[in-house]
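# A look at the structure
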Amino acid sequence: MAKKLGLERINGKFRGKNILSLDQFSQKDLQIVFTKTRKLKENNPRKGLNLLKGNIVTLLFFEPSTRTFSSFAVAAKRLGAQTLELTDPMKVSSFVKGESMSDAIKVLNAYSDLLIIRHPVRGSLQIAADVSEVPVINAGDGIGEHPTQALLDLFTIHEKFGRLNNLAGLMAGDMLNGRTVHSLIRGLAKFPNNKIYLLSPRKLRLSKKDFENFQKQGIELAEIYKDSDIPKNLDFWYWTRVQKERFRSLKDYNRVKNKFILNKKLIDKYAGKKTIFMHPLPRVGEILEEVDEDERAVNLSSEIKNGMFVRKALLSLGLERK
Ligand code: NCD
């Protein structure tokens, strides 16, 4: 019988733990991840390390991915582990529902030391983790969470401002379905005096449940529906894609897609000299290429690089033998 690991607090001890939600982290846990990330960042990233030699890290991705998949795979390999990579498993097997997912997890447990899973159903990672005897990392569960993306976002914000408190930011796009937003808000809620403006079409507001839950965690949220309500000189703008794959009809998607576009004009009007522009990527028209040259745009530079280092840090904290 597999032991039930569930949503356990990290409490300074990463080894053997699942990483499913930002709710598991305390401020101190985040500091541990960031200290490790900084240390790994000081090394030449091309120089391989042997910290995880002998480990097999399995990547099981039921949804497409470019950055999360590659950065985890490269992070594992550069640390000396080997990877078992299962992309598009629906083609080779027919497990969609909870039960058959459990079987797959049991099989992969026999071959792996850690599982990294992306799945289209919110909450499915908890089910996977409950079945698994090796730690599971959530690489995105439907419209639920994307904790490792939030960790790299928080690391990037901290790198730029030297703090994670007293921040005022904007999140724009799809608040309802965007899992990166759901994890990042949870992360920022752990620090005092943060305020986030949420800019979205009304149909894509946070669910009432999420909104209330996040506010209870201690973050101030303000919903806005027009560009002209963006306060000037915020610390960061976090733009996101409207999540097409979560819509029932293309017509509904077309009605709300790209209502808010990050372009030079908007920047000149509302951004400050120090405002940074973030985006988890992929972008599909909601952030124009003309923004790429702006040195305040970190979405194609720091965020991508930090993604690999943060994931390296998580893997080594989770698997390394002391
Ligand atoms: C995000 C995701 O998969 O949730 N991508 C990523 O991992 N960087 C964002 C998105 O797909 O819009």
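Residues numbered from 1 in each chain as written. Predicted model: local features only at pLDDT ≥ 70, side-chain atom pairs only at ≥ 80, totals over all residues. Heavy atoms only, no water.

## Regarding the overall build of the protein
For the protein, the count of helices and strands is 11 helices and nine strands. Dimensions of the protein, computed from C-alpha atoms along their principal axes, come out at roughly 55 × 45 × 35 Å. For the protein, the residues scored as buried account for 55% of the 322 residues in total. For the protein, the share of sequence-separated contacts (at least 6 apart) that also reach a separation of at least 24 residues comes to 72%. Accessible surface, the protein: about 15000 Å² in total, of which carbon and sulfur atoms supply 50%. (Helix = DSSP H or I, 4+ residues; strand = E, 2+ residues; numbered from the N terminus. Buried < 20%, exposed > 50% of the residue type's maximum accessible area, 1.4 Å probe, protein only. Contact = heavy atoms within 4.5 Å. Areas by Shrake-Rupley, 256 points an atom, 1.4 Å probe, with all protein chains shown as cover.)

## Overview of the nonpolar core
Within the largest apolar cluster, 61 residues are counted, with the highest numbers of intra-cluster contacts made by Ile-116, Met-171 and Leu-315. Broken down by element, the residue count for this core peaks at eight residues, all from helix α11 (residues 302-319). Looking at which domains feed residues into this core, each of domain 1 (22-146 + 304-319) and domain 2 (147-302) supplies at least three. Excluding residues within four positions of it along the chain, Ile-116 makes contact with Val-57, Thr-58, Leu-59, Leu-60, Phe-61, Phe-72, Ile-137, Ala-139 and Leu-315. Listed in part, the 20 residues of the second largest apolar core include Ala-172, Leu-199, Trp-239 and Tyr-270. (Core = buried A, V, L, I, M, F, W, Y, C linked by side-chain atoms within 4.5 Å. Domains from an automatic or database assignment.)

## A look at the site of the ligand
For the ligand, the full set of nearby residues is Thr-68, Arg-118, His-146, Gln-149, Arg-179, Thr-180, Arg-241, Gln-243, Pro-280, Leu-281 and Pro-282. Between the ligand and the protein, one listed contact pairs an oxygen atom with a side-chain N or O atom of Thr-68 at 2.9 Å. At 2.9 Å from a nitrogen atom of the ligand is found a main-chain nitrogen or oxygen belonging to Pro-280. Contact with the protein chains covers 93% of the free accessible surface of the ligand, which is 320 Å². Most atoms of the ligand, that is more than half of them, are within 2 Å of grid points of the largest pocket. Of the residues assigned to the shell around the ligand, the class counts are three nonpolar, five polar and three charged. Here the shell around the ligand gathers at least three residues from each of two domains, domain 1 (22-146 + 304-319) and domain 2 (147-302). (Near = heavy atom within 4 Å. Polar contact = N/O pair within 3.5 Å; in protein donor to acceptor, adjacent residues only side chain to side chain. 1 Å grid on protein atoms, 1.4 Å probe; cavity = no way out; pocket = protein on both sides within 12 Å on 5 of 7 lines; lining within 4 Å. Sits in = over half its atoms within 2 Å of the grid points. Nonpolar A, V, L, I, M, F, W, Y, C, P; charged D, E, K, R; others polar.)

## Some remarks on the pairing of strand β6 (residues 195-199)
Most of β6 is tucked away: four of the five residues are buried. The sheet contact formed by strand β5 (residues 168-172) and β6 spans five bridges and is parallel. In the sheet register, Ala-172 faces β6, and the bridge partner there is Leu-199. Once the chain exits β5 it traverses helix α7 (residues 179-188) before rejoining the sheet at β6, and the crossover so formed is right-handed. In terms of strand pairing, β6 meets strand β7 (residues 220-224) through five bridges, oriented parallel. When the sheet's bridge partners are listed, Ile-196 is paired in β7 with Leu-221. (Pairing = 2+ DSSP bridges. Right-handed = clockwise from strand over helix to strand, strands pointing away.)

## Looking at the packing of helix α1 (residues 27-42) against helix α6 (residues 147-161)
Two measures define how a pair of helices packs: the angle their axes make with one another and the distance between the axes. Between α1 and α6, whose axes approach to 11 Å, the crossing angle comes to 75°. Put simply, α1 runs roughly perpendicular to α6. Along its contact with α1, which presents Leu-30, Phe-34, Thr-37, Arg-38 and Lys-41, the element α6 presents Leu-151, Leu-154, Phe-155, His-158 and Glu-159. Taken together, the residues of the contact of α1 with α6 break down into five nonpolar, two polar and three charged. (Axes fitted to C-alpha atoms, helices over the stretch in contact; angles between N-to-C directions. Parallel < 35°, antiparallel > 145°, perpendicular 65-115°, else oblique.)

## Some details on the packing of α6 against α7
One can describe the packing of α6 onto α7 by two numbers: an axis separation of 8 Å at closest approach and a directional angle of 55°. Put simply, α6 runs oblique to α7. Pair α6 / α7 crosses with right-handed handedness. Contact residues: Pro-147, Gln-149, Ala-150, Asp-153 and Leu-154 in α6; Thr-180, Ser-183, Leu-184, Gly-187 and Leu-188 in α7. Looking at the contact of α6 with α7 residue by residue, the class counts come to five nonpolar, four polar and one charged. (Left-handed = near helix turned anticlockwise from the far one by under 90°.)

## Some remarks on the side chain of Gln-149
In this fold, Gln-149 is placed in helix α6. With near-sequence residues (within four places) excluded, Gln-149 lies in contact with Thr-180, Tyr-238, Pro-280, Glu-303 and Arg-311.

## Some thoughts on the sheet that holds strand β8 (residues 236-239)
Here five strands make up an open sheet; going across it, the order is β7-β6-β5-β8-β9 and the pairing parallel. Of all strands in the sheet, those with a lone pairing partner are β7 and β9 (276-278), marking the two edges. Strand after strand, the sheet turns through a mean of 20° between neighbouring axes, direction not considered. Against the sheet, α6 engages β8 and β9, with an angle of about 170° to β9.

## Some thoughts on the domain arrangement of the protein
Here the protein is partitioned into domain 1 (22-146 + 304-319) and domain 2 (147-302). Distance between the C-alpha centres of domain 1 and domain 2: 24 Å. Counting residues at the interface gives 33 residues for domain 1 and 32 residues for domain 2. When the area that domain 1 buries against domain 2 is broken down by residue, the three leading residues are Leu-22, Ile-143 and His-146, summing to 24%. For the salt bridge of Glu-145 with Arg-186, the shortest nitrogen-to-oxygen distance reads 3.3 Å. Taken together, the links from domain 1 to domain 2 amount to 25 residue pairs in polar contact (both at pLDDT 80 or more). Of all the elements in the fold, those that place two or more residues in the side of domain 1 that touches domain 2 are α1, α2 (67-78), β3 (114-119), β4 (136-141) and α11. Sort the elements by how many residues they give to the side of domain 1 that touches domain 2 and α11 lands first, with seven residues. (Buried area = accessible area lost by both parts, 1.4 Å probe. Salt bridge = Lys/Arg side-chain N within 4 Å of Asp/Glu carboxyl O.)

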